[in-house]
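Residues per chain are reported as follows:
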Amino acid sequence: MSSSANPESAKRPADLMKKVVALCKSRGLVFQSSEIYGGLKSAYDYGPLGADLKRNLMGEWWRDMVTSRENVVGLDASIIMHPDVWRASGHAAGFSDPLVDCLVSKERFRADKAPTVEPGAELPITCPDKGVAKDWAELIEKRFGVTLDRDANVLHGMRCIDKRTVGFFTKGSTAATKSFPFRGYVSPTFGSCFLSDERQFNLMFRTALGAVDPMQDVAQVMAELTSAVDLIVAVRSRFAAEATNAEHVIARALKDGDRAKVIRAVIETITGPTMAYLRPETAQAMFVQFKNVLDATGIKPPFGIAQMGKSFRNEVTVEHFIFRSCEFEQMEMEFFCEPGSQKEWMTYWKEQRMAWWQRYANYPEAFRFRQHAKDEMAFYADDCYDVEYLYPWGWGELEGIASRTDYDLGQHEKHSGAKLRYTDQEKPDPVTGKKPWQYKPYVIEPAAGATRAVLAFLLDAYHEEERRTADGTVEIRTVLKLHPRLAPIKCAVLPLVKKDGMPEQARAIIQAMLKAGIAAKYDEKHAIGKRYARHDEIGTPFCVTVDGQTLQDGTVTLRDRDTTEQVRIPAADAVEQVRLRLMG
């Protein structure tokens, strides 16, 4: 089902995206959510054909990643998890606290937890290793115009001038050659002073657990507080215990003195006990359930835990139809391996995943790898690749394959107190030389977007071909060349006319196909040519036609969507012939 055509120069419609979106609506693939009420931005419903297409695609992923492997097991976790899961992962921090990004390492942290520095203090940036130090020094030079001195994995040259200014000082100099605005603190892990503005993030969807609406409590408390002569004094009195706990959000807001921050802190405190979040990714459940899976199955590293399902993110930008939306489906796997073996497994999963994408494509050249630069990766990752597809607007991410080290298990160990480790009784600890070896596995994470994949394969499949009719006129044939295993309908069974016993024979073939597990569709409306065209347009790979000859010798025609070629086969063999073609 593939073509050797170059995706950059293949003759595809100039308005390909527009035509695919129109086809999705007209043929029941994808609809705008709540359309009769004006629609909801970034929300889409999958129609009869779209639901089957997405289900088939995700089924192929599950078959390849789980059921055809001995060392990968599945999980179907709750969309709503304990809020502390998201605090440990770092997703929830921004709901009540301003967050800052390090512009060098990409570390994100709470501003109130960052280490402060005094005027005159040196500000060395401590990098993970020498290689990273070289990359970060180059990035700083390019972006900020200063050349820091490298001493092994430490970058020198920045110094705090005063509480609002930092400067770059050449070695031995007492005067700054360049200065930058400063907030009085540096990033907690690496000591970087190159930071973003403080921002209040709201990337997760919040909800409340319990039948009682917490907003009623909020309304009552706020009515009491705002009627007081002095709001700050009233909050200190009403939340005395919280106000004296330096770590509490109310205490921090009171210290800041900003009225809006105090009100927000009060609301967060009242709603906190019932607060829950819709998951922004499926990955964290696989880390949280690592120990249970290990204990219940007896599986041992290297092994994977896979999950498919919906995730929710308040995306800053929603664009390109279903490419980026607030509600989407993911297909993720966390592969746990021995520390030190992650490079080998990274290579393995890269090859496996690219082969999977290209297997179902007409244009395998439209898929590529893009390795993340050092300054793109999370500070804990040691490698990361994106599988990208050439969309009409350019290359876009389909799947990330990340080497995440042991960061996630370490974070959940730290916040939960549970030991998330594997004990290998047969191997000695590399440090002590004694058995057993207890370690936190390293993780390779192939994480694919199912909804993005649907769009990619629809774009890959959409073709328009010129055809000459029997009377010599030229017409455009629209055909959706979906891989047969992805196609919503695998076979259409068509009686040539609605009489002479043809419908009855066609129905018998349909029933046999459905009984065999083949998604088949009976269709008797309109002329046979229009029916072929209709099924070409929705991607049905095969059509079986019952005609006059069927009544004479028991044969039917089997038509191929892509070539339009027809062969006669015994009607009794129709199910097996279609099944064999679906298996490839």
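Look up a bit, the structure's there.
Now for a quick tour of the structure. Nothing here was measured: the structure is a model prediction, and the numbers come from that model.

## So, the overall build of the chain
Each helix and strand in the chain was counted, giving 18 helices and 29 strands. Counting only C-alpha atoms and orienting by the principal axes, one finds that the chain spans roughly 100 × 60 × 55 Å. By residue count, 49% of the 584 residues in the chain fall in the buried class. Taking contacts inside the chain between residues at least 6 apart in sequence as the whole, the part at least 24 apart equals 63%. Looking at the chain as shown, the accessible area adds up to about 28,500 Å², and 50% of this sits on carbon and sulfur atoms. A distance of 1 Å separates the average location of the 78 positive side-chain charges in the chain from that of its 80 negative side-chain charges.

## Focus: helix H13 (residues 407–416)
The complete set of buried residues in H13 reads Asp 408, Leu 409, Gln 411, His 412 and Glu 413. Contacts made by the buried residues of H13 are with helix H3 (83–89), helix H10 (283–288), helix H11 (290–297), strand S16 (327–337) and strand S19 (394–405).

## Remarks on helix H18 (residues 574–583)
Among all positions in H18, only Ala 574, Val 575, Val 578 and Leu 582 are buried. Across the axial projection of H18, the buried residues extend over an arc of 95 degrees, all falling on one side. Looking at the buried side of H18, the elements it contacts are strand S25 (491–495), helix H15 (502–515), strand S27 (542–546), strand S28 (555–560) and strand S29 (566–570). Looking one or two places after H18, you find Gly 584, whose phi comes out positive at around 80 degrees.

## Concerning the side chain of Ser 105
With respect to the helices and strands, Ser 105 occurs in the loop between strand S5 (99–101) and strand S6 (108–110). One polar contact links the side chain of Ser 105 to the main-chain amide nitrogen of Glu 107, over a distance of 3.2 Å. With sequence-adjacent residues up to four places away left out, Ser 105 is seen in contact with Trp 136, Phe 190, Met 377 and Phe 379.

## Overview of the sheet that holds S16
The strand order across the open sheet built from seven strands is S3-S15-S16-S22-S19-S18-S17, with neighbouring strands paired in mixed fashion. The strands lining the two open edges of the sheet, one partner per strand, are strand S3 (72–74) and strand S17 (367–371). The mean inter-strand angle of the sheet, taken between neighbouring strand axes irrespective of direction, is 25 degrees. Taken together, the 10 bridges between strand S15 (residues 303–312) and S16 define a ladder with antiparallel strand orientation. Following the sheet pairing, Ile 305 is matched in S16 by Glu 334.

## Side note on the packing of aromatic side chains
For the structure shown, the criterion picks out 34 aromatic pairs. Ring centres 6.2 Å apart and planes at 25 degrees place the aromatic pair Trp 357 and Phe 367 in the stacked group. Of this pair, Trp 357 sits in helix H12 (residues 342–359) while Phe 367 sits in strand S17; the two residues are 10 residues apart in sequence, bridging distant segments of the chain. Relative accessible area serves as the criterion here: at 0%, Trp 357 is assigned to the buried category. Classification of Phe 367 by relative accessible area gives buried; the value is 5%. In textbook terms, an aromatic cluster arises when at least three aromatic residues are bridged by ring pairs, as seen for Phe 323, Trp 356, Trp 357, Tyr 360, Phe 367, Tyr 389, Tyr 391, Trp 393 and Phe 457.

## Some details on the nonpolar core
Among the nonpolar cores identified, the biggest contains 58 residues, and Trp 357 and Phe 367 are the most heavily contacted of them. Among the secondary structure elements, those contributing two or more residues to this core are helix H1 (16–26), helix H2 (48–67), S16, H12, strand S18 (383–391), S19, strand S22 (442–449) and helix H14 (450–461). When residues of this core are assigned to their parent elements, the largest contribution, nine residues, is made by H14. Val 132, Leu 139, Leu 148 and Leu 195 belong to the second largest nonpolar core, which has 33 residues in total.

## With respect to the packing of helix H6 (residues 231–238) against helix H9 (residues 259–271)
Orientation of H6 relative to H9, taken along the N-to-C sense of each, is 25 degrees, at an axis distance of 11 Å. With respect to H9, the axis of H6 lies roughly parallel. In the crossing of H6 with H9, the sense of the turn from one axis to the other is left-handed. Taken together, the residues of H9 that come into contact with H6 (itself represented by Leu 231, Ile 232 and Val 235) are Arg 259, Val 262, Ile 263 and Val 266.

## Let's talk about the side chain of Gln 284
When you line up the elements, Gln 284 lands in helix H10. With a relative accessible area of 2%, Gln 284 lands in the buried category. Aside from chain neighbours lying at most four places away, what touches Gln 284 is Met 81, Val 85, Trp 86, Ser 89, His 91, Asp 408 and His 412.

## Notes on unusual backbone geometry
Note that the residue after Pro 301, namely Pro 302, is joined by a cis bond; omega there is 0 degrees. Topologically, Pro 302 is positioned in the loop between H11 and S15. Backbone torsion omega between Lys 435 and Pro 436 reads -5 degrees, so that peptide bond is classified as cis. Tracing the chain through its elements places Pro 436 in the loop between strand S20 (422–424) and strand S21 (437–439).

Calculation rules
Residues numbered from 1 in each chain as written. Predicted model: local features only at pLDDT ≥ 70, side-chain atom pairs only at ≥ 80, totals over all residues. Heavy atoms only, no water. Helix = DSSP H or I, 4+ residues; strand = E, 2+ residues; numbered from the N terminus. Buried < 20%, exposed > 50% of the residue type's maximum accessible area, 1.4 Å probe, protein only. Contact = heavy atoms within 4.5 Å. Areas by Shrake-Rupley, 256 points an atom, 1.4 Å probe, with all protein chains shown as cover. Lys, Arg positive; Asp, Glu negative; His and termini not counted. Charge placed at Lys NZ, Arg CZ, Asp CG, Glu CD. Arc of directions from axis to C-beta. Polar contact = N/O pair within 3.5 Å; in protein donor to acceptor, adjacent residues only side chain to side chain. Pairing = 2+ DSSP bridges. Axes fitted to C-alpha atoms, helices over the stretch in contact; angles between N-to-C directions. Phe/Tyr/Trp six-rings, centres within 6.5 Å; stacked < 30°, edge-to-face > 60°. Core = buried A, V, L, I, M, F, W, Y, C linked by side-chain atoms within 4.5 Å. Parallel < 35°, antiparallel > 145°, perpendicular 65-115°, else oblique. Left-handed = near helix turned anticlockwise from the far one by under 90°.

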